[in-house]
Amino acid sequence: MEQLRKSYQSFKNALPSVAIHYAVKCNPDPEILKELDRIGSSFELASDGEAKLMKELGISSSKCINTHPMKTLENIRENIEFGIDVFVFDS
């Protein structure tokens, strides 16, 4: 986890005014997600399973955004029920 913390801090230092959103699909390991949450990261979700995982880990929906380009009405509903209020849309 030390390398994760160092990498996150280096990235944050390089872009201090940017909100970092870790793409959960890259590595959804619960220990990595909990550590990223602890050190201040936000999260980018692309599936209902990822939202469910964040909820199970106790990670706040206020730190999550949904960026999946193909959203179903059910997906939007489930994310809103979890508390996500930021969605990215393509056209």
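Scroll up for the structure.
Now for a look at the structure at hand. Keep in mind that what you see is a predicted model, and the values were worked out from it rather than measured.

The rules we used
Residues numbered from 1 in each chain as written. Predicted model: local features only at pLDDT ≥ 70, side-chain atom pairs only at ≥ 80, totals over all residues. Heavy atoms only, no water. Pairing = 2+ DSSP bridges. Helix = DSSP H or I, 4+ residues; strand = E, 2+ residues; numbered from the N terminus. Axes fitted to C-alpha atoms, helices over the stretch in contact; angles between N-to-C directions. Buried < 20%, exposed > 50% of the residue type's maximum accessible area, 1.4 Å probe, protein only. Right-handed = clockwise from strand over helix to strand, strands pointing away. Parallel < 35°, antiparallel > 145°, perpendicular 65-115°, else oblique. Left-handed = near helix turned anticlockwise from the far one by under 90°. Contact = heavy atoms within 4.5 Å. Nonpolar A, V, L, I, M, F, W, Y, C, P; charged D, E, K, R; others polar. Arc of directions from axis to C-beta.

For the rest of this paragraph, the subject is the sheet that holds strand E1 (residues 21–23). Strand order across the open sheet formed by 3 strands is E1-E2-E3, with parallel pairing between neighbours. Each edge of the open sheet carries a strand with a single partner, namely E1 and strand E3 (64–66). Each strand of the sheet is rotated relative to its neighbour by a mean of 30°, with strand direction disregarded. Pairing geometry for E1 and strand E2 (residues 42–45), over 3 bridges, is parallel. Following the sheet pairing, alanine 23 is matched in E2 by glutamate 44.

With that settled, the discussion passes to the pairing of E2. Burial along E2 is two-sided: Ser42 and Glu44 and Phe43 and Leu45, pointing in opposite directions, are all buried. In this structure, E2 lies alongside E3, joined through 3 bridges in parallel fashion. When the sheet's bridge partners are listed, glutamate 44 is paired in E3 with isoleucine 65. Regarding topology, helix H3 (residues 48–57) serves as the crossover connection from E2 to the parallel E3, and that connection is right-handed.

As a further point, take the packing of helix H2 (residues 30–38) against H3. Geometry of a packed helix pair, given as the angle between the helix axes and the separation of the axes. H3 packs onto H2 with a crossing angle of 65° between their chain directions and a minimal axis gap of 11 Å. Comparing their axes, H3 and H2 come out roughly perpendicular. The hand of the H2/H3 crossing is right-handed. Contacts between H2 and H3 involve Pro30, Leu33 and Lys34 from the first element and Leu53, Met54 and Leu57 from the second. Within the contact of H2 with H3, the residues separate by chemical class into 5 nonpolar, no polar and 1 charged.

Right, let's talk about helix H4 (residues 73–82) for a bit. Of all the residues in H4, the buried ones are Asn75, Asn79 and Phe82. Axial view of H4: buried residues confined to an arc of 55°, hence all on one face. Residues Leu73 and Glu81 are exposed on H4 and point more than 90 degrees away from its buried face. On the buried face of H4, the contacting elements are H3 and E3. Backbone geometry just downstream of H4 places glycine 83 in the positive-phi region, at approximately 120°.

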